[in-house]
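The residues making up each chain are set out below.
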Amino acid sequence: MTSPAVLVLRAPGTNCDKETSYAFERAGAVVRQVHIRELLESPVVLDEHQILCLPGGFSYGDDIASGRILGNQLRERLADALLRFRDDGKLIFGICNGFQVLMKTGLLDIDDADGPMATLTWNDSGRYEARWVRLDVQPGNSVLLAGLEQVDMPVAHAEGKFLFRDQKSLDQLAKSGRLVLRYVSPEVSVPSAAALAPATPYPANPNGASADVAGICDTTGRVLGLMPHPERFIEPHQHPQWTRRPELVAGTGLRLFENGVAYFR
Amino acid sequence: MLWEIDVLPRDAALDRPAQSLSSNAKDYGMATEGTGTGFACASARVFLLEGEHLSASDVDRIAKELLVDPVVERFVFAPLGADDLATPPSGWTGSSAPAHLLHVLSKPGVMDPVAQSAQAAIAELGIDPPLVQTCRKYWIAGLPEDRLQEVGYRLLANDAIEQVVVGPLAIDHLEVGRPYRFALQTVDLDSLDDEGLMRWSREGQLYLQLAEMQTIQQTFREMGRPPTDIELETLAQTWSEHCSHKTLAGRIAYSDDQGERQFENMLKETIFAATQELRRQWNADGEPGDWCVSVFVDNAGIVTFDDQHHVAFKVETHNHPSALEPYGGANTGMGGVIRDILGTGLGAEPICSTDVFCFAPPDTPADSLPAGVLHPRRVMKGVVEGVRDYGNRMGIPTVNGAVYFDERYLGNPIVYCGNVGLVPYDKAFGDPNPGDYIVTVGGRTGRDGIHGATFSSAELTSESEELSGGAVQIGNPIEEKCVQDVLLTARDRGLFTAVTDCGAGGFSSAVGEMGEKIGAEVWLEQAPLKYEGLSYTEIWISEAQERMVLSVPEKDWEELESLCASEGVEATRIGRFEPTGRLVLKYHGEQVADLAMSLLHDGRPPVIREAHYQPREVSPLLLPSKADYSDDLHQILGSLNVASKEWIIRQYDHEVKGGSVVKPLVGIASDGPSDAAVVRPVLSSNRALVIACGMNPRYGDFDTYHMAASAIDEAVRNCVAVGADPDRIAILDNFCWGDCENSETLGSLVRAAIACHDLSIAFGTPFISGKDSLNNEFSYTDSEGDRQTIAIPPSLLISAMGQMDDAARAVTMDFKRSGNRVYIVGLTKNELGGSHFSLVQSSGEEHQAQGQVPTVDPPVAKATFVAMHNAICLGTVAACHDLSEGGFAVTAAEMAFAGGLGAEFSLEKIPLAEESLSASEATVARLFSESNSRFLVEVKASATGAFEKMMGDLPHAAVGHVNESGQLTIRNSDEKVIDASIDSLKDSWKRPLAW
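Residues numbered from 1 in each chain as written. Chains lettered and ligands numbered in written order. Predicted model: local features only at pLDDT ≥ 70, side-chain atom pairs only at ≥ 80, totals over all residues.

1. Description of the domain arrangement of chain B
On domain assignment, one finds that chain B holds domain 1 (2-166) and domain 2 (812-995). Each of domain 1 of chain B and domain 2 of chain B was reduced to a C-alpha centroid, and the two centroids are 54 Å apart. (Domains from an automatic or database assignment.)

Okay, here's the thing in structure tokens:
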């Protein structure tokens, strides 16, 4: 069995690169951390890898807007290389700030003739918040989410509210099965995808995201972006209630990384 | 052409800056409510772009493709000054009163990272980049025009770096600084008398004492030349209280109720001596031997961790900057202590942070504030945001903390920031070699933070805000993260021989310390500047952030430079360590300073002080007896020190890096108060660190010895409660005190230091580092025209770093299962002096001075910690929580509501030391006494026998059961003394600070 090669992209302000790399390694991948300066100089580095991961953090300080500068760099200077990467059947994975970056690259197929159909903007609370959330998973054709139904993970962000431009945009993404991750609470176990207003109350929906969206995939299912942090739930005792459980259960966040590795085996 | 692009929220509901301004204006009593003419505002983000070549279509494209998020924002642009830029946004639904325009923009030459990023990103769009500046724009109605400046400076601008412009911007080009013309400045000290020397010390912001000024005068007389300004500044920085700790490390004649004692070096003979004694004992004992690696010598203390790593720990204070500019002060406080860790040994990797704050109550009436004092609510919000933004952005989890409230922190809040680092076992020490380059890495030098070291050693006054605005620094955590990344890589490649941070005193302190044993020559003009116009002295003493100084052998310079360049970090040679024993400073070849290192480090005249202490006489706490204490419990849970700090904790990323095992909030709804945080610094290993703290300024009003002993006991028992090994806990001291020129104030500190010595040895818990901050007093002139001074209460923070072999053994404080038996461990004494029970009594202050303050019985405490640890290791413990503020009743309530369960207790079973108490005294003592070294423990049903065996002869008793009632019921011989639902208790606890 071969181990897929993962490129974990670093930029000024990236700060979840180590634990994300560790999660991929735990799943059996070979990881190389590459600085954006190196990638811009030699985009061919992408050819040596099967998975591109954009980890969390504050790329370029989130100057102008979260993920904006790095997103623009990728869109303006690496668009062809990245589209080719996706079209070659490879995987792209953006976590938290990485998701914010992907939203600005075009790789998540969220733009129509009127511009972006959705954005990630400030939490309703107006501030950064860190807490665990429960996610309903409708994997559709998403490679990384295959076989998952429900998973707990932490969020930690200020600009994580997924906001649709309008009802039409929501309908379009819902219809094509791309709203793969939604915040749920014990009261509302499976939210409806029909309405813009969140069905899951705060803090189970931690930011007021419309239709409770926590993550989406592209049309191919090979690009995934999500606000929660799967790399922070790969060991049983990372879960906030682990001391209350009769038995230790492996971290379900690890499954996403394992799915990525299994896809190339 | 100078263009202005205004980026506006699509609708008012998305206008967060306006919402925040409105709410702050209300908090501050500046906004009047009311329809029609009440306070209303709207905001825009503004980008100013200057370039002759820039066409309207370029500007339109820059806005659309880079600056604006079309889902939530819209934009307008025009040449600056155009009328439509001044019109309030069309969605403006505010007041019918006229709207005034107000801008907040950086002062000329101040670094604007967003503008820099925008400029680079414009180039990537294929447009020749213009000059860029950002600013914020507000339309404000319902406020007289003459109050706009005040609103701007009080609520929106940081005076140290920003300016407020009321009305349209009237600028025709973007400023880029002015060149500096060199002229050597000397100071004629020789002719000054004592009064003149002191005036110079004060007005030049040197803050040196007379004896020190006289020594300097004499030294230069002997040298036959006047000192240059930069030489005086260098001496003032090096000799400042902040950098040299001259008071506590000085000679002190001390007396208290136990007798008299002469100290040659007080810290050395108390706190350091305890650590030396422990190390001697451990070395004599053989395996496992001394586990301290580097104590009291480096930027942080270092102890062993596993077979490949050591751990470093440091806590710093940043009080005076935070009083003036809470956000910037706390922000750079966190940035500074992280650099301490990066500058420990050959560089440690930051793992997690801790922060502890002291504020005046946030409900202090705004009209009662003395001039020059920011409202405590604004201070608290700003401090929390400052710590949040630095830690979160660097990706370092903030895992532990505490907040204490007391009126005496009004003009002088306390901000402690701490950081833990991991360092390879062979990288714990560094020393520069003669001939190594002095290299600065990271941020550029600007005019920010001039005189921070000397300023922090002075007393705050109501004029400080005007005098010392420049002493507030500005942080850029992304820059520091980039520095961290290259620094740790360079460490692993062995590219430098020593490293330290540029903290207080800037290059002056960093180079002075590193070159102490060698000598150094510095080429000041080589330092990269943020903007033109800095004098040679400003370059030398600037406390601009995010700079580290390395000593780099000539052979390694090229590799280091290219490593830094590969990640966009600036590295510059600014001098060389020369074996001369002298500090020589040059500016474009001209010598501006030449001082003997020995004068800097050993030339300061000794400080000799007297210190006295008389503990308060113990008077009994006299209270009427009651049948039911449920209300008292609700009140203590809702008192500010005890109340939930969830509002703060959730703003910190406490899980980044993936090592989190026990989080600051635990339990079934993740909202119960954990005793300590457990973190795995090495992801592939289950070996863990335990971070906790202990502090109780109120006990200091009774006796600072018992206050210090209690703080140490609390920090240690918090660690033990989650599973730390009591034989592997290292602690730090941070003394924040009032003016130690006052012999009583100094006496209270010496007495606390003696307790630190005694408890450290008794517990086997070494101090590995520490820091003091004196002169925490605030002076102002009251409405009668009289001078008033508020000194903070004695504030000793003990921070503890424990270790555990296996993180999977960790225990949390929430009750787990109905039917489990609950034990109290430790002896309860009638110790209600300084307690939260006395604090919430309606009769108020008279009771706050009564009662016996909690004491520590060291041998029993240590034996209790060891027994508890063994019980936890054996797996008998389902939940464990220490007894502290509010005593048994608060602990029981917290465990019950955190677990979403109920519990029933028989109060009379709690072992009580005194037999002579009246029935009502005994009830109050059992419920609310804050006696140390106690735990409440839920024991697994199958393990009660094993648990009791572990406790042996130590005071302990089974006192109740966990049940599913959702009710906390405490009976005293069948009479219910507390009966309350866990929902109501939790609500009392969560409500006060749920902002």
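2. A closer look at the interface of chain B and chain A
Chain B puts 47 residues into the contact, and the matching count from chain A is 46 residues. Ranked by residues supplied to the side of chain B that touches chain A, first place goes to helix α3 (residues 113-124) of chain B with 6 residues. (Contact = placed C-beta atoms within 7 Å. Helix = DSSP H or I, 4+ residues; strand = E, 2+ residues; numbered from the N terminus.)

3. Here's the deal with the sheet that holds strand β33 (residues 795-804) of chain B
Residue and element names in this part refer to chain B. The strand order β24-β27-β28-β33-β29-β30 describes an open sheet built from 6 strands, whose pairing is mixed. Each edge of the open sheet carries a strand with a single partner, namely β24 (660-662) and β30 (767-773). Sheet twist, expressed as the average angle between the axes of neighbouring strands with direction ignored, equals 20°. Of the strand pairs in this sheet, strand β27 (residues 677-679) and strand β28 (residues 688-694) are connected by 3 bridges, and their pairing is antiparallel. Pairing of Ala 677 across the sheet is with Ile 691, part of β28. The sheet strands contacting helix α9 (residues 266-285) are β29 (730-736) and β30, and the helix crosses β30 at an angle near 170°. (Pairing = 2+ DSSP bridges. Axes fitted to C-alpha atoms, helices over the stretch in contact; angles between N-to-C directions.)

4. Remarks on the nonpolar core
Residue and element names in this part refer to chain B. Core analysis: the biggest nonpolar cluster contains 379 residues, and Val 678, Val 690, Ile 691, Ile 712 and Cys 719 have the highest contact counts within it. Among the elements that line this core, the one with the most residues is helix α22 (residues 704-722), at 12 residues. Taken domain by domain, this core gets at least three of its residues from each of domain 1 (2-166) and domain 2 (812-995). (Core = buried A, V, L, I, M, F, W, Y, C linked by C-beta atoms within 7 Å. Buried ≥ 20, exposed ≤ 12 C-beta atoms within 10 Å, placed from the backbone.)

5. Details of helix α30 (residues 982-990) of chain B
Residue and element names in this part refer to chain B. Restricting attention to buried positions, one finds in α30 the residues Ile 982, Leu 985, Lys 986, Ser 988 and Trp 989. Buried positions in α30, seen along its axis, are confined to an arc of 160° and lie on one side of it. If you follow the buried residues of α30, they end up packed against α20 (630-637), α27 (887-899), β36 (902-906), β39 (967-972) and β40 (975-981). (Arc of directions from axis to C-beta.)

6. Considerations on the confidence of the model for chain B
Mean pLDDT for chain B: 92, with 95% of residues reaching 70 or above. Both scores are available for the predicted complex, with the pTM at 0.95 and the ipTM at 0.96. (pLDDT = per-residue confidence, 0-100.)

7. So, the sheet that holds strand β5 (residues 131-141) of chain B
What links the strands of a sheet is backbone hydrogen bonding, and the strands pair in either a parallel or an antiparallel sense. Residue and element names in this part refer to chain B. Pairing is antiparallel across the open sheet formed by 6 strands, whose spatial order is β3-β1-β2-β5-β4-β6. Either end of the sheet is taken by a strand with one partner, and the two such strands are β3 (73-79) and β6 (162-166). With direction set aside, neighbouring strand axes in the sheet form an average angle of 25°. Helix α1 (residues 16-27) rests against β2 (40-50) and β5 of the sheet, and its axis sits at about 130° to β2. The strands touched by helix α2 (residues 56-67) are β1 (2-9), β2 and β3; relative to β1, the strand with the most contacts, the crossing angle is about 35°.

8. A few points about the packing of helix α11 (residues 326-342) of chain B against helix α12 (residues 376-394) of chain B
All names here are of chain B. Direction vectors running N to C along α11 and α12 enclose 35°, while the axes themselves pass 7 Å from each other. Both α11 and α12 take part in a crossing whose hand is right-handed. Residue-level inspection shows Pro 326, Tyr 327, Gly 328, Gly 329, Ala 330, Asn 331, Met 334, Gly 335 and Ile 338 of α11 in contact with α12, the latter providing Arg 378, Val 379, Gly 382, Val 383, Glu 385, Gly 386, Val 387, Asp 389, Tyr 390, Gly 391 and Met 394. When the residues that make up the contact of α11 with α12 are grouped by side-chain class, the tally is 10 nonpolar, 7 polar and 3 charged. (Left-handed = near helix turned anticlockwise from the far one by under 90°. Nonpolar A, V, L, I, M, F, W, Y, C, P; charged D, E, K, R; others polar.)

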